[in-house]
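# Secondary and tertiary structure notes
Spelled out from the first residue to the last, the chains are:
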Amino acid sequence: MEQQTVRTTLTLPKDLLEATDKAVHAGKAKSRNDFVTRALRRELAAQKRAEIDAALAEMANDLEYQREVLQMETEFAPAQWEALKLEETSE
């Protein structure tokens with residue numbers, strides 16, 4: 001499935017454009033557009049990972065969440081023990 005594209009104009013520092021062109025000429029990207037698109041995707045993915053990391057860090061300090069996790073661990077402990085015993089007997 002082909003993605004819809006939109007033409008836009010970017011203003012870049014000269015050194016970045018020159019470095020991009022070198023990368024394209026070295027075969028590291030098909031075109032300036034390809035290079036910039038991949039760079040934007042990587043940056044957006046990094047930002048998303050940072051958001052997830054921040055949410056996980058908040059969870060580590062959330063006492064209510066910690067209580068829920070401990071409760072779930074307690075409830076699932078018998079099932080985990082049964083699974084472990086089944087695994088040991090199948091070996």
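Throughout what follows, the structure given in this document is the object of discussion. The numbers attached to residues start from 1 for each chain and follow its sequence in the written order. In view of the model being predicted, local features appear only for residues whose pLDDT reaches at least 70, and side-chain atom pairs are presented and counted only at 80 or more, with totals across whole chains, interfaces and linings using the full set of residues. The side-chain values count all of the structure's non-hydrogen atoms but skip hydrogen atoms and water molecules.

### Some points on the overall build of the protein
The condition is simple: Secondary structure elements follow DSSP: runs of H or I of four or more residues count as helices, runs of E of two or more count as strands, with numbering from the N terminus. Here the radius of gyration uses the C-alpha set of atoms, whereas the globule reference equals 2.2 Å times the residue count to the power 0.38. Burial classes: relative accessible area under 20% of the type maximum marks a residue as buried, over 50% as exposed, and values in between as partly exposed (1.4 Å probe, protein chains only). Note on areas: these come from Shrake-Rupley sampling with a 1.4 Å probe, and a residue is covered only by the protein chains present in the view. When charges are counted, Lys and Arg contribute as positive and Asp and Glu as negative, whereas His and the chain ends are disregarded. Lys charges are placed at NZ, Arg charges at CZ, Asp charges at CG and Glu charges at CD.
Along its length, the protein carries three helices and zero strands. Across the protein, helices and strands are ordered from the amino to the carboxyl terminus as α-α-α. In terms of C-alpha radius of gyration, the protein reaches 25 Å, well past the compact-globule figure of 12 Å for 91 residues. The principal-axis extent of the C-alpha atoms belonging to the protein is close to 60 × 40 × 25 Å. Counting the 91 residues in the protein, one finds 8% classified as buried. Of the roughly 8,600 Å² of accessible surface on the protein, a fraction of 57% belongs to carbon and sulfur atoms. Measuring between centres, the 13 positive side-chain charges of the protein sit 17 Å from its 18 negative side-chain charges.

### Considering the environment of Asn33
Mapping Asn33 onto the fold places it in helix α2 (residues 32–60). Given a relative accessible area of 58%, Asn33 falls into the exposed group. Expressed as a C-alpha distance, the spacing of Asn33 and Thr20, which sit 13 residues apart in the sequence, is 9.7 Å.

### As for the side chain of Thr20
Let me state the cut-off plainly: Any two residues having at least one pair of non-hydrogen atoms within 4.5 Å are treated as being in contact.
As for its placement among the helices and strands, Thr20 is situated in helix α1 (residues 14–25). Setting aside anything within four residues of it in sequence, one finds Thr20 in contact with Arg32 and Phe35.

### A few points about the pattern of salt bridges
We count it as follows: Each salt bridge in this description consists of a side-chain nitrogen of Lys or Arg and a carboxyl oxygen of Asp or Glu lying within 4 Å of one another.
A complete count under the given rule lists five salt bridges for this structure. Measuring nitrogen to oxygen at the nearest pair gives 3.9 Å for the salt bridge that ties Lys14 to Glu18. One end of the pair is Lys14 and the other is Glu18, both in helix α1 and four residues apart, which spans about a single turn. Given a relative accessible area of 64%, Lys14 falls into the exposed group.

### A short note on a nonpolar patch on the surface
Note the cut-off: A residue counts toward a patch only above 30% relative accessible area and without a salt bridge, and it is joined to like-charged neighbours within 9 Å or, for Val, Leu, Ile, Met, Phe, Trp and Tyr, to nonpolar neighbours within 5 Å.
On the surface, Leu10, Leu12 and Leu16 cluster together into a nonpolar patch covering about 280 Å² of accessible area. Relative to the assigned elements, Leu12 resides in the segment before α1.

In short, shape yes, function no, at least from these values alone.
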